[in-house]
Amino acid sequence: MSSVQSGPALDEAKFNAFIGQMLSDLGGASSIAMVRMGDALGFYKELYEKGPMTSDELAKSARVDERYLREWLSNQAASNYLTYDAASSTFSLPPEQAMIFANEESPVYMMGGFDLMAALLDNQPKVQAAFKSGKGVAWGDQAGCMFCAVARFFRPGYLNHLVGTWLPALDGVVDKLKRGARVADVGCGHGWSTVLMAKAFPKSQFIGYDFHPGSIENARAHAESHGVSSNARFEVGLAKDYPGKDFDLVTCFDCLHDMGDPAGAAAHIRQSLKPDGTWMIVEPMAGDTLQQNMNPVGRLYYAASTMICLPTSRSQEVGAALGAQAGEARLREVIEKGGFSKVRRATETPFNMILEARP
Ligand SMILES: C[S@@+](CC[C@H](N)C(=O)[O-])C[C@H]1O[C@@H](n2cnc3c(N)ncnc32)[C@H](O)[C@@H]1O
């Protein structure tokens, strides 16, 4: 290598370690297509439900070509996504891997993450052009079904934490929800958060607002299929001027940093609340500095932020572009600008921080 390298001498150990990282990263990138095919063709689910199988057995069960499948299975075994037993020529999905690939109720079901990575790739031409122009890419103009990928990515976290831990971490909110409260879920997207809350608290009334009409249509369909249409409805609306007053609770799930004018949204939310109301802000987990975010979660969130969050915010008025790694200090500034005097971190997971803001 020294014959092609100029400048300071290479540290051989660091160089080899970095090549190792790159091989691993390229393997991860190649998994986007491989894992999504395994999902779409039902291979993980088949192995999850039926146990170890040879390539012949799985091909028959999943009704696919055995030769293609054998190559896919070999890649999955080499990736440590499946295990291979040479004696019986069978492939299996270990329980730990099943939590990621097959069990949709698991808190670490990551198929939505793979969909999201595919959506980032699809978005590249539009975002690349935005680097030059400095303009945004509107949420509704993003490539592929970014909205579906985002909804699928966040759902496991909401399913496993929202009703059980996040809402109880807020001061007095669960009691109000049990008795019957008025709730607005602003920037609700496909409405999974709204539907989960509506199911858990049938005496409360929920309204989801989002400025993207396609997402509102999806949210309505989710409400219908989950039998919560009587206490959850969805309307197209901007965070800065949705109608309605006297809400006991306003929620914003992973969307405040996507808004063009988050401080303007905060001010509108403030005046839509009852005097003793609560604003729950769920945001991606982040420290306040780049150094604090130099970890695997920060790495993924900076990528999503570059490809989705910044372009979305830049496409709107003000274009504050907080970014998905804004951090609590920057978020507090925005929330306080909107007229909230009490802000605290109510709870957190490795992926999200949950802030409680009160007037
Ligand atoms: C990352 S998605 C999160 C969606 C949903 N809350 C969830 O957690 O799955 C951000 C959402 O914010 C919405 N959004 C962005 N800016 C908005 C604005 N100014 N007013 C209303 N909705 C907005 C987008 O349409 C999108 O649905």
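Caption draft 1: The sheet that holds strand β6 (residues 247-253), seen in detail. One open sheet holds the 7 strands; their spatial order is β5-β4-β3-β6-β7-β9-β8, and the pairing between them is mixed. Either end of the sheet is taken by a strand with one partner, and the two such strands are β5 (232-236) and β8 (342-348). Between one strand axis and the next, the sheet turns through 20° on average, direction left out of account. When β6 meets strand β7 (residues 273-284), the two strands line up parallel, connected through 6 bridges. By the bridge assignment, Cys-252 is partnered in β7 with Ile-281. Against the sheet, helix α7 (residues 146-166) contacts β6, β7, β8 and β9 (352-358), and its axis sits at roughly 150° relative to β6. Docked against the sheet, helix α10 (residues 213-225) engages β4 (205-210) and β5, running at close to 170° with respect to β5.

Caption draft 2: A look at α10. For α10, built from 13 residues, the straight-helix expectation of 18 Å at 1.5 Å per residue is met to within 8% by its first-to-last C-alpha distance of 19 Å. Buried within α10 we find Ser-215, Ile-216, Ala-219, His-222 and Ala-223. Burial along α10 is one-sided: seen end-on, the buried residues are contained in an arc of 120°. The exposed residues of α10 that point more than 90 degrees off its buried face are Glu-217, Glu-224 and Ser-225. If you follow the buried residues of α10, they end up packed against α7, α9 (192-200), β4 and β5. A positive phi of about 65° marks Gly-227, the residue just after α10.

Caption draft 3: Seen up close, the packing of aromatic side chains. All told, the structure shown has 14 aromatic pairs when counted by the stated rule. On the basis of an interplanar angle of 65° and a centroid distance of 5.4 Å, the ring pair of Tyr-44 and Trp-72 is categorised as edge-to-face. Separated by 28 residues along the polypeptide, Tyr-44 in helix α2 (residues 43-50) and Trp-72 in helix α4 (residues 66-78) bring together distant segments of the chain. Residue Tyr-44 is classed as buried on the basis of its relative accessible area, which comes to 1%. Looking at Trp-72, the relative accessible area reads 4%, which means it is buried. Consider the rings of Phe-101 and Phe-114, whose centres lie 6.3 Å apart with planes at 45°: the pair is tilted. Residue Phe-101 is found in helix α5 (residues 95-101), and its partner Phe-114 is found in helix α6 (residues 111-133); the two are separated by 13 residues along the sequence.

Caption draft 4: Spotlight on the layout of surface pockets. Here the largest pocket defines a volume of roughly 1200 Å³. The wall of the largest pocket is formed by 36 residues, among which Met-110, Gly-113, Met-117, Pro-296 and Leu-300 lie closest to the centre. When contributions to the lining of the largest pocket are tallied by element, the ones reaching two or more residues are α1 (12-40), α5, α6, α7 and α12 (296-314). At 7 residues, α12 tops the list of elements feeding residues into the lining of the largest pocket. Among the residues forming the lining of the largest pocket, the class breakdown is 26 nonpolar, 8 polar and 2 charged. Approximately 740 Å³ is the volume found for the second largest pocket. Among the secondary structure elements, those contributing two or more residues to the lining of the second largest pocket are α7, α9, β4 and α12.

Caption draft 5: Representation of the site of the ligand within the structure. Within the structure, the ligand sits among 19 residues, and Tyr-158, Gly-187, Asp-210, Phe-253 and Gln-316 are positioned closest to it. In the model, an oxygen atom of the ligand is placed 2.5 Å from a nitrogen or oxygen of the Tyr-158 side chain. Here Ala-239 contributes a backbone N or O atom positioned 3.0 Å from a nitrogen atom of the ligand. Out of a free accessible area of 590 Å², the ligand has 95% covered by protein chains. Put simply, the ligand lies in the second largest pocket. At 3 residues, α7 tops the list of elements feeding residues into the shell around the ligand. Classifying every residue of the shell around the ligand by side-chain character gives 11 nonpolar, 5 polar and 3 charged.

Thresholds, definitions, all that
- Residues numbered from 1 in each chain as written.
- Predicted model: local features only at pLDDT ≥ 70, side-chain atom pairs only at ≥ 80, totals over all residues.
- Heavy atoms only, no water.
- Pairing = 2+ DSSP bridges.
- Helix = DSSP H or I, 4+ residues; strand = E, 2+ residues; numbered from the N terminus.
- Axes fitted to C-alpha atoms, helices over the stretch in contact; angles between N-to-C directions.
- Contact = heavy atoms within 4.5 Å.
- Expected span 1.5 Å × (residues − 1).
- Buried < 20%, exposed > 50% of the residue type's maximum accessible area, 1.4 Å probe, protein only.
- Arc of directions from axis to C-beta.
- Phe/Tyr/Trp six-rings, centres within 6.5 Å; stacked < 30°, edge-to-face > 60°.
- 1 Å grid on protein atoms, 1.4 Å probe; cavity = no way out; pocket = protein on both sides within 12 Å on 5 of 7 lines; lining within 4 Å.
- Points joined across faces, edges and corners; volume = space filled by probe spheres on them.
- Nonpolar A, V, L, I, M, F, W, Y, C, P; charged D, E, K, R; others polar.
- Near = heavy atom within 4 Å.
- Polar contact = N/O pair within 3.5 Å; in protein donor to acceptor, adjacent residues only side chain to side chain.
- Areas by Shrake-Rupley, 256 points an atom, 1.4 Å probe, with all protein chains shown as cover.
- Sits in = over half its atoms within 2 Å of the grid points.

No statement about biological role is implied by the geometric values presented.
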